[in-house]
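Observations on the model geometry
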Amino acid sequence: MTLGATDLWNRILEQARTGLPDQAFRTWISSSRVVSWSGGVLHVAASSRFHAEWLEDKYGQVVQDIAQRLTGEPVELRITSEEPAVADGRSPEITVTRVVEPEPAPQPSSPPPSPPPGLNARYTFDRFIVGDANRLAQAASLAVADRPARLYNPLFLYGSTGLGKTHLMQAIANRMLVGGEAARICYIPAEQFVNEMVTAIYEHSTDAFRARYRSHDLLLVDDVQFLRRKEHTQEEFFHTFNVLYNAGRQIVLTSDRHPKELEGLEERLVSRFEWGLVADVGRPDYETRVAILRRKADEDRVFLAPEILDLIACRCKSSVRELEGAIIKLLAFSSLTRQELTLDLAQVALQGLGDPREPHLLNPTAIRDEVGKVWGVTGAALASGGRSRTVTVPRQVAMFLIRELLDTPLKQIGRVFGGRDHSTVIHSIRKVEERLGNDDAFRAQVDDLRQTLQKSA
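Residues numbered from 1 in each chain as written. Predicted model: local features only at pLDDT ≥ 70, side-chain atom pairs only at ≥ 80, totals over all residues. Heavy atoms only, no water.

For the rest of this paragraph, the subject is the overall build of the chain. The secondary structure content of the chain amounts to 19 helices and eight strands. Counting all 457 residues of the chain, 46% fall into the buried class. Summarising the internal contacts of the chain: among those between residues at least 6 apart in sequence, 74% fall at separations of at least 24. Of the roughly 22800 Å² of accessible surface on the chain, 49% is carried by carbon and sulfur atoms. (Helix = DSSP H or I, 4+ residues; strand = E, 2+ residues; numbered from the N terminus. Buried < 20%, exposed > 50% of the residue type's maximum accessible area, 1.4 Å probe, protein only. Contact = heavy atoms within 4.5 Å. Areas by Shrake-Rupley, 256 points an atom, 1.4 Å probe, with all protein chains shown as cover.)

The following block contains the structure:
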């Protein structure tokens, strides 16, 4: 029996749903639609160029394989975008799973002020190097800059320090300013927000404090983890958030952790932080690190040989800030010693930076496998779907130690264990933390493992 386009697509969806994480399935596959099925060509349409590129890159082979199994013949998959071409260079929209159309924002009665204090004009999208670890965050930030309060509100960016969260946040504001948006913009670190709240209480000026922060069209709050365990400030921020959101103003937040991991933050705030899009900014891979180094070298108008770039990229893996610091250190050493920039000079100048012993560096897979040895199971077993106690306990311990020793993002930890989602990782880590508090033998075993792993680093 020959399958029609709709029937074939529905069967593909049924099989893809069972083999992929629910969030990935709903966001990237089920939100697409079939256009045609003819002559061995399956034509699928996505709502935006970004969606189409992501679907083809990450899940195109999965869809194609399923289609070939169902039809019993070779299938060519074509994924296109339904989004019209944009002539002015503005960013395409991104697939949304929750679109909120707020009420029109009231127009400001006076001309917009000059760029707000703390906004760095160097933080633009053109200067941001895009890689696999930050692609979604960058694309979402572009979309927010072009259509504030229409796609992702709030936009919540999280990741370790020095990876570009602040850069992306401020790039949104700078793009709106350059584009001539008549927007009142406020950028503020959360710590400053807390301090100003304390001052307002002390000086009996909370009304003025509220009026100031509720009058903006774009509110950028950096490092919201500083709001934890500050009940009065959280209360004030909660109401400020609601006023801006309901008025159709854009809110962008950054944090060093996913909203669900921010202990000491009220549940109602966590819930609101997840209303729009939560996107992680991960550590750059090797290719992205080299690109960042090249950009920095070009800006400093200095030539760095490929072998020098490779040396720095291999040693400095934790953050963009570390990469830029390495170039600054290298240039300073060359200038002070009046020596030519060579690989030998770089090895001397960067001695002690990072760790050149690459094979022995601690990594998530090594931790998983070492924990497995202690419990007498293989790393592959820990990454499988097994749920017996002989597997779940060491799996949870491995997740806990990877997070503790490497501060690895939750999504990345989940990938090491067969693609588990971040909520499963959080649950595992908390189970270990609970048991460490009431099981002395278990705590001693984990402590021994920790010491062993640290020595092997």
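What follows picks up the thread again.
Another aspect to go through is the sheet that holds strand S3 (residues 76-81). Taking strand neighbours across the sheet as the criterion, the three strands line up as S1-S2-S3 in an open arrangement whose pairing is mixed. Each edge of the sheet is formed by a strand with only one pairing partner; in this case those strands are strand S1 (33-38) and S3. In this sheet, neighbouring strand axes are inclined to one another by 20° on average, regardless of whether the strands run parallel or antiparallel. Sheet analysis places strand S2 (residues 41-46) next to S3, joined by six bridges and oriented parallel. Along S3, the bridge assignment pairs Ala 45 with Thr 80. (Pairing = 2+ DSSP bridges. Axes fitted to C-alpha atoms, helices over the stretch in contact; angles between N-to-C directions.)

This part takes up the nonpolar core. Residues Ile 29, Leu 42 and Ile 172 are the most contacted members of the largest nonpolar core, which totals 55 residues. Residues within four places of Leu 42 in sequence aside, it is in contact with Leu 8, Ile 12, Val 34, Ser 36, Trp 37, Ala 67, Val 75, Glu 76, Leu 77 and Arg 78. Judged by nonpolar contacts, the second largest core, of 28 residues, contains Tyr 158, Val 221, Leu 262 and Leu 269. (Core = buried A, V, L, I, M, F, W, Y, C linked by side-chain atoms within 4.5 Å.)

Turning our attention to empty space enclosed by the protein. This structure, assessed with the given rule, holds three cavities of 30 Å³ or more. As for the largest cavity, its lining consists of 14 residues, and the residues nearest its centre are Gly 159, Ser 160, Asp 256, Arg 403 and Pro 409. Per-class residue counts for the lining of the largest cavity are five nonpolar, three polar and six charged. (1 Å grid on protein atoms, 1.4 Å probe; cavity = no way out; pocket = protein on both sides within 12 Å on 5 of 7 lines; lining within 4 Å. Points joined across faces, edges and corners; volume = space filled by probe spheres on them. Nonpolar A, V, L, I, M, F, W, Y, C, P; charged D, E, K, R; others polar.)

Another aspect to go through is helix H4 (residues 135-146). Spanning 12 residues, H4 covers 17 Å between terminal C-alpha atoms, matching the ideal 16 Å at 1.5 Å per step. When we look at burial in H4, the residues that qualify are Leu 136, Ala 137, Gln 138, Ala 139, Ala 140, Ser 141, Leu 142, Ala 143, Val 144, Ala 145 and Asp 146. (Expected span 1.5 Å × (residues − 1).)

The next thing to look at is the environment of Asp 285. Inspection of the secondary structure assignment puts Asp 285 in the loop between strand S8 (277-280) and helix H10 (286-299). C-alpha separation for the pair Asp 285 and Ser 318, spaced 33 residues apart in sequence, amounts to 9.9 Å. Here Thr 288 takes part through its side chain, which lies 2.6 Å from a polar atom of the side chain of Asp 285. (Polar contact = N/O pair within 3.5 Å; in protein donor to acceptor, adjacent residues only side chain to side chain.)

Before going further, it helps to examine the pattern of salt bridges. On inspection of all chains with the given rule, the structure shows 18 salt bridges. Sharing partners across several salt bridges, the network here consists of Asp 207, Arg 210, Arg 214 and Glu 236. (Salt bridge = Lys/Arg side-chain N within 4 Å of Asp/Glu carboxyl O.)

This part is about the packing of helix H6 (residues 190-202) against helix H7 (residues 206-213). Following both chains from N to C, one finds H6 and H7 inclined at 145°, their axes separated by 8 Å at the closest point. Listed contacts from H7 to Phe 193, Glu 196, Met 197, Ala 200 and Ile 201 of H6 are Thr 206, Phe 209, Arg 212 and Tyr 213. Of the residues contributing to the contact of H6 with H7, the split by class is six nonpolar, one polar and two charged.

Close inspection of predicted coordinates is inappropriate for parts of the model with low pLDDT. When pLDDT is averaged along the chain, the result is 82; 87% of the residues meet or exceed 70. Contacts of residues 108-113 to residues separated by more than four positions or lying in other chains number seven contacts, the stretch itself having pLDDT below 50. Low confidence marks residues 355-360, where pLDDT is under 50. Its contacts with residues over four positions away, or in another chain, come to nine contacts. (pLDDT = per-residue confidence, 0-100.)

Moving on, we get to the state of the cysteines. Scanning the entire structure with this criterion turns up zero disulfides. Just so you know, Cys 314 is unpaired, no disulfide at all, and the nearest cysteine sulfur is the one on Cys 316, 9.8 Å from it. Residue Cys 314 is classed as partly exposed on the basis of its relative accessible area, which comes to 32%. (Disulfide = S-S within 2.5 Å.)

With parallel pairing, the five strands of this open sheet are ordered in space as S5-S6-S7-S4-S8. Every interior strand has two partners, whereas the edge strands, strand S5 (185-189) and S8, have only one. Averaged over all pairs of adjacent strands, the angle between strand axes in this sheet comes to 15°, irrespective of strand direction. Judged from the five bridges that link them, S5 and strand S6 (residues 218-222) form a sheet pairing that is parallel. Bridging across to S6, Ile 185 finds its partner in Leu 218. Here helix H8 (residues 231-246) sits on the sheet in contact with S6 and strand S7 (250-255), set at roughly 140° to S7.

Our next topic: unusual backbone geometry. The omega angle of the peptide bond from Asn 153 to Pro 154 is 5°, so this bond is cis rather than trans. If you trace the backbone, Pro 154 turns up in the loop between H4 and strand S4 (155-158). Backbone geometry places His 204, a non-glycine residue, at a positive phi of 55°. Counting through the fold element by element, His 204 comes out in the loop between H6 and H7. Assessed through its relative accessible area of 75%, His 204 is described here as exposed. One non-glycine residue, Asp 223, lies in positive phi territory at about 60°. Tracing the chain through its elements places Asp 223 in the loop between S6 and H8. Residue Asp 223 is classed as partly exposed on the basis of its relative accessible area, which comes to 26%.

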